[in-house]
Amino acid sequence: ITLENKTKGKLQKQICQVALDHFEKQYATELGEAWASVRDVLTYPSCWQYAILLNKFSPSAELENTLHVKGYHPAFPGSLPYLPASFKCYIRRTPGRFPAQKHQAGKLKEYYLLNAASLLPVLALEVKDGEDVLDLCAAPGGKSVATLQCAYPGQFHCNEYDDLRSRWLKQTIESFIPDPLINLIMVSKLDGRQIGDLKPELYDKVLVDAPCSNDRSWLFSSDIQQATLRLIQRKELPSLQFQLLRSAIKALRPGGSLVYSTCTLSKAENSNVINLILNSCSNVMPVDISEMAKAVSQEFTFLGGMQQHELLVLPEKGRAWGPMYVAKLKKM
Ligand code: SAM
């Protein structure tokens, strides 16, 4: 049973045995030998790492100096030719968390803390200036903010179905994006499964950062009931993910592309969902992202044996990023 314990005056997370047993069975089969080291990272929060994505709309030389002094280095130095110099993300090999920045009315935040692997779906989407972009499942907004560090879209539609999370998304956007750019952003609260019918063939790029089993946080479910319920609901996720993808494909213009991502290791929610889409939608083709994976392979560990249109980031000590699955598809 998981409970949060007070140790040395700090809240310490405890592993939920029900979730761990479930993962153990599934992932030992799916990941083979790689699972043992992934499990060691996931179950040991004191080796977790956090990346710092700088906000180009609120640059701070002082912050960059502090990061250098603390041993941080840029995560993607020159590895991706299409990344603008203004896109800056700092990481370091040692675990620990840089303090989060408090919300201050009327002042843009200087940085966003995130799992560095969360940037890979955004980088794979390759948004260019002027393109119309849909972020289908956008809250709390990390990938929306990252997208706007890469390019100035024509229209940027950020959607989130959940009421509370949608308000969180709005707050993130307001904290990072200045006037007048913020006026290009439309925030909606729709069921992503319906957007394809509501906005057919409207977007050049769609990000489907799908609701999924969040392996990292599920391992620390607060009690046995919560974990059991999550594991039951887990079975329904592939169907929801498939429907979100179908909707995203409808929302794409012919020639447009989409990126699908999850933060689970589960094959049922990753490759299986993408394979089902490829087998059932004749207007969709896989897009090779192996060059991108190669370009960032110094900082990320990937599961071997994946197809060229997909990757799975495996957390490893010193490179504790992921889990993150990314796949890219193009509409013909
Ligand atoms: N992209 C976000 C980021 O980078 O900060 C994280 C997105 S999270 C993995 C998935 C989100 O999908 C959740 O906020 C969840 O509430 C939302 N969601 C769940 N069902 C949805 C649906 N039918 N349509 C749209 N969003 C949905």
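Mapped onto the elements of the fold, Pro 315 is located in the loop between strand E13 (310–313) and strand E14 (324–331). By relative accessible area, which is 2% here, Pro 315 ends up buried. Counting along the chain gives 275 residues from Pro 315 to Asp 40, while the straight-line C-alpha distance between them is 9.1 Å. Non-local contacts of Pro 315, meaning those with residues more than four positions away in its chain, are made with Ser 37, Val 38, Val 41, Leu 42, Arg 216, Ala 320, Trp 321, Gly 322 and Pro 323.

Throughout the structure, instances matching the rule amount to 18 salt bridges. Glu 131 serves as the salt-bridge partner of Lys 205, at 2.9 Å between the closest nitrogen and oxygen. Here Lys 205 is found in strand E10 (residues 203–209), whereas its partner Glu 131 is found in the loop between helix H4 (119–125) and strand E7 (133–135), with 74 residues between them in sequence. As far as burial versus exposure is concerned, Lys 205 and Glu 131 are alike and both buried. The salt bridge involving Arg 319 is made with Glu 316; its shortest N-O contact spans 3.3 Å. The partly exposed category is assigned to Glu 316, whose relative accessible area is 30%. One continuous salt-bridge network, built from bridges that share partners, spans Glu 126, Lys 128 and Lys 328.

Here the focus is the confidence of the model for the protein chain. As a general rule, the predicted coordinates of low-pLDDT regions are not to be interpreted in detail. For the protein chain, the mean per-residue pLDDT works out to 94, and 96% of the residues sit at or above 70. Low pLDDT, under 50, characterises residues 1–10; the stretch is placed with 22 contacts to residues that sit more than four places away or in other chains. In the model output, the complex is listed with pTM 0.96 alongside ipTM 1.00.

This brings us to the site of the ligand. Taken together, 21 residues lie near the ligand, and Glu 160, Arg 165, Asp 191, Gly 192 and Asp 209 sit nearest. Within the contact set of the ligand, an oxygen atom lies 3.0 Å away from a backbone nitrogen or oxygen of Gly 142. A total of 610 Å² of accessible area belongs to the ligand in isolation, and the protein chains cover 85% of it. Of all the secondary-structure elements, those providing two or more residues to the shell around the ligand are helix H5 (142–150) and helix H7 (192–198). Residue composition of the shell around the ligand, by class: ten nonpolar, four polar and seven charged.

Right, let's get into the pairing of strand E8 (residues 156–159). Side-chain alternation along E8 places Phe 156 and Cys 158 on one buried face and His 157 and Asn 159 on a second face that is also buried. In this sheet, E8 lies alongside E7 in parallel orientation, the contact comprising three bridges. From the neighbouring strand, Leu 134 faces E8, where its bridge partner is His 157. Considered for its hand, the β-α-β crossover made up of E7, H5 and E8 is right-handed. Relative to strand E9 (residues 185–188), E8 runs parallel, the two being bridged by four bridges. By the bridge assignment for E9, Cys 158 is matched with Val 187.

Turning our eyes to something else, we now look at the environment of Tyr 50. Mapped onto the fold, Tyr 50 is located in the loop between helix H2 (34–42) and strand E3 (51–54). Residue Tyr 50 is classed as partly exposed on the basis of its relative accessible area of 22%. A C-alpha to C-alpha distance of 8.4 Å links Tyr 50 and Arg 92, two positions 42 residues apart in sequence. Once you skip the residues sitting within four places of it in the chain, Tyr 50 turns out to touch Tyr 72, Gly 96, Arg 97, Leu 114 and Trp 321.

The tally for this structure, following the rule as stated, stands at zero disulfides. Left without a disulfide partner, Cys 89 is nearest to the cysteine sulfur of Cys 150, which lies 11 Å away. A relative accessible area of 3% places Cys 89 in the buried class. Here Cys 158 is not cross-linked by a disulfide; its sulfur's nearest cysteine counterpart is in Cys 137, at 12 Å.

Calculation rules
Residues numbered from 1 in each chain as written. Predicted model: local features only at pLDDT ≥ 70, side-chain atom pairs only at ≥ 80, totals over all residues. Heavy atoms only, no water. Helix = DSSP H or I, 4+ residues; strand = E, 2+ residues; numbered from the N terminus. Buried < 20%, exposed > 50% of the residue type's maximum accessible area, 1.4 Å probe, protein only. Contact = heavy atoms within 4.5 Å. Salt bridge = Lys/Arg side-chain N within 4 Å of Asp/Glu carboxyl O. pLDDT = per-residue confidence, 0-100. Near = heavy atom within 4 Å. Polar contact = N/O pair within 3.5 Å; in protein donor to acceptor, adjacent residues only side chain to side chain. Areas by Shrake-Rupley, 256 points an atom, 1.4 Å probe, with all protein chains shown as cover. Nonpolar A, V, L, I, M, F, W, Y, C, P; charged D, E, K, R; others polar. Pairing = 2+ DSSP bridges. Right-handed = clockwise from strand over helix to strand, strands pointing away. Disulfide = S-S within 2.5 Å.

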